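A look at the structure
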Number of protein chains: 2
Amino acid sequence: MSILAVGSVALDDVETPFGRVTGALGGSAVHFASSASIFAPVHVVGVVGSDYPLGRLDFLRERGVDLGGLEVAEGESFRWSGRYTHDLATAHTLDTRLGVFADFHPRIPEHFRSPEMLFLGNIDPRLQLEVLNQVERPRIVACDTMNYWIEGSRSALLEVLAQVDVLLVNEAEVRQLAGDPNLFRAAKWVREQGPKRLVVKKGEHGAILFDDGTMFFIPGYPLEDVFDPTGAGDAFAGGFLGYLAGNGDPTPRNLRNALVHGSVLGSFAVEDFSVGRLARVTRDEIAERVRAFRAMTRFEMPADCAPPTADRAP
Amino acid sequence: MSILAVGSVALDDVETPFGRVTGALGGSAVHFASSASIFAPVHVVGVVGSDYPLGRLDFLRERGVDLGGLEVAEGESFRWSGRYTHDLATAHTLDTRLGVFADFHPRIPEHFRSPEMLFLGNIDPRLQLEVLNQVERPRIVACDTMNYWIEGSRSALLEVLAQVDVLLVNEAEVRQLAGDPNLFRAAKWVREQGPKRLVVKKGEHGAILFDDGTMFFIPGYPLEDVFDPTGAGDAFAGGFLGYLAGNGDPTPRNLRNALVHGSVLGSFAVEDFSVGRLARVTRDEIAERVRAFRAMTRFEMPADCAPPTADRAP
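For every chain, the first residue of its written sequence is number 1, and the numbers climb from 1 along that sequence. As a convention, the first chain written is A and the first ligand written is 1, with the rest following in written order. Two thresholds apply to this predicted model, a pLDDT of at least 70 for residue-level local features and 80 or more for giving and counting side-chain atom pairs, whereas whole-chain, interface and lining totals are computed over all residues.

A few words on the overall build of chain A. A count of helical and extended segments in chain A gives 11 helices and 13 strands. Taking 314 residues into account, the globule formula puts the C-alpha radius of gyration at 20 Å, and chain A, at 19 Å, falls close to it. Seen through its principal axes, chain A has C-alpha atoms that stretch 70 × 40 × 40 Å. Every one of the 314 residues in chain A was classed for burial, and the buried ones make up 52%. Across chain A, the fraction of contacts at a sequence separation of at least 24, relative to all contacts at a separation of at least 6, is 66%. To qualify as a helix, a DSSP run of H or I must reach at least 4 residues; to qualify as a strand, a run of E must reach at least 2; elements of each kind are numbered from the N terminus. Each radius of gyration reported is based on C-alpha atoms, and the globular scaling rule is 2.2 Å times the count of residues to the power 0.38. Exposure classification rests on a simple neighbour count of other C-beta atoms within 10 Å of a residue's own: a residue reaching 20 or more is buried, one at 12 or fewer is exposed, and one in between is partly exposed. C-beta atoms are placed from the backbone. Whether two residues are in contact is decided by their C-beta atoms, placed from the backbone, lying within 7 Å.

It is worth spelling out the interface of chain A and chain B at this point. Taken together, the contacts link 35 residues of chain A with 35 residues of chain B. Taken together, the elements giving at least two residues each to the side of chain A that touches chain B come down to α7 (183-192), β13 (214-218), α9 (252-269) and α11 (283-297) of chain A. If you tally residues by element for the side of chain A that touches chain B, the top one is α11(A), at six residues. Asp, Glu, Lys and Arg are counted as charged, while Ala, Val, Leu, Ile, Met, Phe, Trp, Tyr, Cys and Pro are counted as nonpolar; the rest, among them Gly, fall into the polar class. The residue inventory of the side of chain A that touches chain B, partitioned by class, reads 18 nonpolar, six polar and 11 charged.

So, on to the environment of A:L129. Positionally, A:L129 belongs in helix α3 (residues 125-134). Non-local contacts of A:L129, meaning those with residues more than four positions away in its chain, are made with A:A156, A:E159 and A:V160.

Turning to the relation of the copies chain A and chain B, a few remarks are in order. In this arrangement, two copies of a chain are superimposed by a rotation about an axis accompanied by a shift along the axis. Of the two same-sequence chains, chain A is brought onto chain B (RMSD 0.0 Å, axial shift 0.0 Å) by a rotation of 180°. Interpreted geometrically, this transformation is the action of a two-fold axis. A symmetric contact is evident, with 100% of the interface residues of chain A recurring at the interface of chain B. In this comparison the copies share one frame, found by least squares on the C-alpha atoms of residues holding pLDDT of at least 70 in both.

Let us now look at unusual backbone geometry. If you check the backbone angles, A:D212 has positive phi at about 55° while not being a glycine. The backbone of B:S274 sits at a positive phi, close to 50°, despite the residue not being glycine. Judged by the 23 C-beta atoms lying within 10 Å of it, B:S274 is buried.

Residue and element names in this part refer to chain B. What helix α3 (residues 125-134) keeps buried is the set P125, Q128 and V131. Down the axis of α3, the sector holding all buried residues measures 105°, keeping them to one side. Those residues of α3 that are buried are in contact with β1 (3-6), β8 (117-120), β9 (140-143), α4 (147-152) and α5 (154-161). Within this analysis, the arc is defined by the directions that extend from the helix axis to the C-beta atoms.

All names here are of chain B. Pairing between two strands is assigned when DSSP locates at least 2 bridges connecting them. Across the sheet, which stays open at both edges, the four strands sit in the order β3-β2-β6-β7 with mixed pairing between neighbours. If you trace the sheet from one side to the other, it starts and ends with β3 (19-26) and β7 (91-97), each paired once. Here the strands of the sheet are splayed against their neighbours by 15° on average, with no regard to which way each runs. Bridge count between strand β2 (residues 10-16) and strand β6 (residues 78-84): six bridges; the pairing is parallel. Bridging across to β6, D13 finds its partner in S81. For helices, the fitted line uses only the C-alpha atoms of the stretch in contact; every axis is such a line through C-alpha atoms, and the angle between N-to-C directions lies from 0 to 180 degrees.

Counted residue by residue, helix α1 (residues 28-36) of chain B has nine buried out of nine residues, so it is predominantly covered. Restricting attention to buried positions, one finds in α1(B) the residues B:S28, B:A29, B:V30, B:H31, B:F32, B:A33, B:S34, B:S35 and B:A36.

Residues and elements named next belong to chain A. Ordered in space as β3-β2-β6-β7, the four strands form an open sheet in which the pairing is mixed. Looking at the sheet topology across the chains shown, the edges are occupied by β3 (19-26) and β7 (91-97). Between one strand axis and the next, the sheet turns through 15° on average, direction left out of account. In terms of strand pairing, strand β2 (residues 10-16) meets β3 through six bridges, oriented antiparallel. When the bridges of β3 are listed, L11 appears paired with L25.

Now for the packing of helix α6 (residues 171-178) of chain B against helix α7 (residues 183-192) of chain B. For any two helices packed against each other, the geometry is given by the interaxial angle and the distance between the axes. Residues and elements named next belong to chain B. Following both chains from N to C, one finds α6 and α7 inclined at 65°, their axes separated by 8 Å at the closest point. One finds that α6 runs roughly perpendicular with respect to α7. The element α6 and its partner α7 pack so that their crossing is left-handed. On α7, the residues that touch E171, V174, R175, L177 and A178 of α6 are L183, A186, A187, W189 and V190. Convention used here: angles under 35 degrees read as roughly parallel, angles over 145 as roughly antiparallel, angles from 65 to 115 as roughly perpendicular, and any remaining angle as oblique. Crossing chirality is assigned from the near helix's rotation relative to the far helix, an anticlockwise turn below a right angle marking it left-handed and a clockwise turn marking it right-handed.

With that out of the way, let us pick up the confidence of the model for chain A. Confidence scores labelled pLDDT are given residue by residue by the predictor and lie between 0 and 100. Here chain A shows a mean pLDDT of 95. Residues at 70 or above account for 98%. Interface scoring of the predicted complex returns ipTM 0.92; its pTM is 0.94.

Below, the discussion takes up the environment of B:H105. Residue and element names in this part refer to chain B. Following the sequence through the fold, H105 ends up in the loop between β7 and β8. A sequence separation of 21 residues divides H105 from R126, and the C-alpha atoms of the two residues are 9.5 Å apart. Once residues within four sequence positions are removed from consideration, H105 is found in contact with L127 and E130.

Structure representation (structure tokens):
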């Protein structure tokens, strides 16, 4: 399955306790594609200014990412400046300059208009609707959003959600969207708005997949050194959707493995600034962390807890 | 294996968004025993005032809990008053009256002095040392503590830790103890102070067992309605240690199942005020949640991630 990804393509200035970087590759579409392209063909739609160092996206082209939908407009690229303090939990935004992104209206090139999978990155829900209106119904529509849109563009967002199969958001966003402090009640409400499948990202605490009345939990990968959390959520989405796109149907087994791969890619993403680690991660390294996740979560039940028939993981 | 549990025996006044209760059974030793006694014999050492409604502990006696070490002193029982707001994450202490607990010095009855397992509840580390000095070296010494002692009685606490096999604390406490914001580096440091096994409780985010270079993660049991979180940590410890005591040696497999049972008992504890739910929980209900944990955490790896030889859960 190939993926059409629409989102921001930005330059980031990031400061963490471990260093700083200026004008690094950033934006939801870039983080997503850096991760998803490991598993499946990705087409990117976005906009950059005439200042964007397009040559630095060559590693994506080499992985078969189609950047034909990346418009270059007169002006400055979207630029985000942020700082993380010692616990690395929260990004403090120092400056946001929208540049050419302020007037962005996604134009889906002719040859992208029948995507099998569509990823709507975290942008204005009205732009997400514009994308949905330009494509033939994909097999899987996935979507990300954030507090800003939940608060300010609720009705457009609910219109998007009605057309979404998989929503990927963090736990604060689920609670905010549903207006319920209990995550499990909130998840139920959100799934009633459209997305049959809901992925709740909990950062260092892992992630949960809600699917068809079942839940699947994966912990955060244990890292002793987190370097830069920027883009981890998009890398997670890229691992999740990339794995699904590369492995056929969204069966329960594939969905669980997709969540594991999302967690693995999210864990690599934070080990370097920008997409540095995603650009050089290998399939062997990924498989090693998948095995580690399995070793860290398996247990054999005592006989008096086991159900009468042998149970198999989906 | 039988367990000697030393800790507070209190009366709690608790207010949550769902109701309030006055003079409810509380204290670390009571919550612990309510949970551990489901799996193994428990001997309790503690102190109450002459006002304590001892008859209300009959459900523990019926489960074989030996209260022979529960001293009744002239004066008022330890009383804690607290309130939880809507997210139920943090207890706001309204009042703490130590009463007879202020002068408590644990006296271990003759017939408890060779316990196979010892649980040192969250009390002054100097009292924990007094207990250790009165008993013959148990097979397993387990211990809980809190921010107050980490800050104010650090050297006594480190002296305790040197004699502890299993430390059960929450994640903020691990970080504070080690002075390191990264949980995994902090866990490594803590294990170097004595406890070979470390259980990190993360509330709704689950728990982690660190043992001998390996980690085992269990998520929080998904509850749509949390009623009162008071004592959940002690119920968790009771489930963990009770399971271990009831099932023989601390093999990797038993330790993992112990963590699952700790999570299950913690999840029941919060479903009612005080020890209400623990007093009526059945083995069938426990087994059902153990099975649910297994269903919510299992996944079958794709072939390209699997190691060359079959892997078995410990």
